[in-house]
Amino acid sequence: MEDLNVLSRISALREGFLTNNEKALEQLYKDKEDSCKGVLCLNEIAVRVATVLASLREFPVVRYRAAKFLDATTTTTFPDLIPTKLAAGIWDSLMKYKDTIPDFPETESCELLILDRSVDQIAPVIHEWTYDAMCHDLLNMEGNRYVLEVPSKTGGLADKKVVLLEHDPVWLELRHEHIAEVTERLKKLANFVSNNKAAEMENSRDQDSHDQSTMQLKKITQALPQYIKQKERLSLHSEIAGKIYSIIRNLGLQELAQLEQDLVFGYAGMEDVIKYLRTKDDTTGENKLRLLMILAAIYPEQFEGEEVHKNLIKLAKLPPCDMAAVNNIKLLGGSSENRNSSSGIFFPKFDITKKNRASRKERPSEEPWQFSRFYPILEELIEKLSKGELSKEEYPCLNDPKPTLNQLPQAHSMRSRRTPTWAQRGISGDGISRHASSDFKKMGKRIFVFIVGGATRSELRVCHKLTVKLNREVILGSTSLDDPSTFITKLKMITADDQL
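Residues numbered from 1 in each chain as written. Predicted model: local features only at pLDDT ≥ 70, side-chain atom pairs only at ≥ 80, totals over all residues. Heavy atoms only, no water.

Would you mind going over the packing of aromatic side chains with me for this structure?
Any aromatic ring pair is given by two values, namely how distant the centres are and how the planes are angled relative to each other. Per the counting criterion, the structure on display carries six aromatic pairs. Ring geometry for Y131 versus W171: centroids 5.4 Å apart, planes at 55°, classification tilted. One end of the pair, Y131, is in helix α4 (residues 131-138); the other, W171, is in helix α5 (residues 169-174), and 40 residues separate them in sequence. Comparing Y131 with W171, the two get one shared label, buried. Taken together, the aromatic side chains of F59, W91 and F104 make up a single cluster linked through ring pairs. When the ring centre of Y375 is taken as reference, the NZ or CZ atom of R363 above it lies at 5.0 Å. (Phe/Tyr/Trp six-rings, centres within 6.5 Å; stacked < 30°, edge-to-face > 60°. Helix = DSSP H or I, 4+ residues; strand = E, 2+ residues; numbered from the N terminus. Buried < 20%, exposed > 50% of the residue type's maximum accessible area, 1.4 Å probe, protein only. Lys NZ or Arg CZ within 6 Å of the ring centre and 35° of its normal.)

Below is the structure:
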């Protein structure tokens, strides 16, 4: 199959895949009407997603987010129909594969949920407090490479590049954990390593070698390389965690994060944001911008009019070009013409007395740490999909399977599954690994989720978490994986030509 060559252009994620359509957000949301670039982009994405499914011999039940119709006079635009059009494109490509691949499944073997970035406008910009997200958000990361400065032999500083990928068991163990949990786990891991035979030798070098038997020395020698590697890894991650905490303190992120999460869950409102911007002059421009983007996602009707932009720029002391990101975050939720918007002006007519509005319901937190309340909408959608509770009005089914008397629906597929590599790996013997499961060989039907316009690390973490919780392999696909700064840059590009 020629289309399988597309796989060579797909980057593998730990729990999914990327189609490498980095400009999808710009190309698909730039024009409200069908554009040549938008159609070509969707066709390319559809072929690549279908190729992934075909290569895995998966035939999905296809669900997609439907366009929202507010009333009979509302006209749908091209961005409104992105999930609908992509679902149709993927289905057409799958039908071609089904006719040409001999062992392609005859009946549905998995579930596919197609979304776009409009499903959750807050997840890409809110401060996440997990290790992976904070490393990429706060540190000068080059992809998955962290530059560690170590003293050189000449006395100066030399750069040493360390790759934080699958081969590092400490990274695998900690990457989805809250930063506070990371520090606790590093201490426990350090205690485990200190019990290594080689550590005993290092701590007793002054002991007379005659007191140690030949067998003891042999065991110690064998353990030495492992001990050195473990010690280096722990030292590296301790330094990284230390740098993250230093940045948290210097940027005052705890107070900002509290406000962000209070906004999301309806405990804070516009008045609180205005007070924060007035009193926190030392907040970085990017963090002010991210706060305003969260506010605009929750209260889009309050951000209409040129006067709003002028007053926001003055209050937040942001350059005019940054306001494009605030304005464009609303485009992801639908055009301003489609909303019952008010013409209120931010200052002094901005309605700061308006009742606070929550963008999602607060859920019982499984983590004891501060700032662990936030969760991406994706988590709720996947859980509902798995339980069969996802609304078919909001998320229609393209090929709703109809069970017959001889084919009753089954909750689990008994196909033999290769244990996911991330579930196999870990730090053996530490007694605190949460990722390992006793048996991943027989799992439920796979759940594929594809997000057009970029996925976030919080959404990647959710898929990792739900794979274990649901005993179903949850595979995240997207056009790209974006950190906050990258997402903001892409968002600005949607209307970049308008500002020339």
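Okay, back to it.
Which parts of the structure should I look at to understand the pattern of salt bridges?
Side chains bearing opposite charge may pair, as long as their charged atoms lie close to each other. Taken as a whole and judged by the stated rule, the model has 26 salt bridges. We note a salt bridge from E177 to R185, for which the minimum N-O separation is 3.3 Å. (Salt bridge = Lys/Arg side-chain N within 4 Å of Asp/Glu carboxyl O.)

What am I meant to see in the environment of M293 here?
Along the chain, M293 falls in helix α11 (residues 285-298). Spatially, the C-alpha atom of M293 lies 8.6 Å from that of Q121, the residues being 172 residues apart in sequence. If sequence neighbours within four positions are ignored, M293 has contacts with V125, A325, V326, I329, F487, I488 and L491. (Contact = heavy atoms within 4.5 Å.)

So what exactly am I meant to see when it comes to the packing of helix α2 (residues 36-55) against helix α3 (residues 82-100) here?
For any two helices packed against each other, the geometry is given by the interaxial angle and the distance between the axes. Contact pair α2 / α3: the axes reach a minimum separation of 8 Å and the direction vectors enclose 50°. Between α2 and α3, the angle falls in the class oblique. α3 is crossed by α2, and the crossing has right-handed handedness. Contacts from L42, I45, A46, V47, V49, A50, T51, L53 and A54 in α2 reach I82, K85, L86, G89, I90, S93, L94 and Y97 in α3. Its residues assigned to classes, the contact of α2 with α3 comprises 13 nonpolar, three polar and one charged. (Axes fitted to C-alpha atoms, helices over the stretch in contact; angles between N-to-C directions. Parallel < 35°, antiparallel > 145°, perpendicular 65-115°, else oblique. Left-handed = near helix turned anticlockwise from the far one by under 90°. Nonpolar A, V, L, I, M, F, W, Y, C, P; charged D, E, K, R; others polar.)

Just to check I follow, could you spell out α2 for this structure?
An α-helical turn contains 3.6 residues, so a residue and the one three or four places further along point in the same direction. With 20 residues, α2 ought to run about 28 Å at 1.5 Å a step, and its terminal C-alpha atoms sit 29 Å apart, in line with that. Within the sequence span of α2, burial applies to G38, C41, L42, I45, A46, R48, V49, A50, T51, V52, L53 and A54. Buried positions along α2 lie against β2 (16-18), α1 (24-29), β3 (60-64), α3, β4 (110-116) and β7 (444-452). Two residues or fewer after α2 comes R57, characterised by a positive phi angle close to 55°. (Expected span 1.5 Å × (residues − 1).)

Got a minute to help me understand the nonpolar core in this structure?
Inside soluble globular proteins, nonpolar side chains tend to come together where they are buried. By size, the foremost hydrophobic cluster in this structure holds 102 residues, and its most contacted members are L28, L86, I90, Y131, I244, L263 and M293. The contact partners of I90, leaving out residues within four places of it in the chain, are A46, V49, A50, L53, L112 and I114. (Core = buried A, V, L, I, M, F, W, Y, C linked by side-chain atoms within 4.5 Å.)

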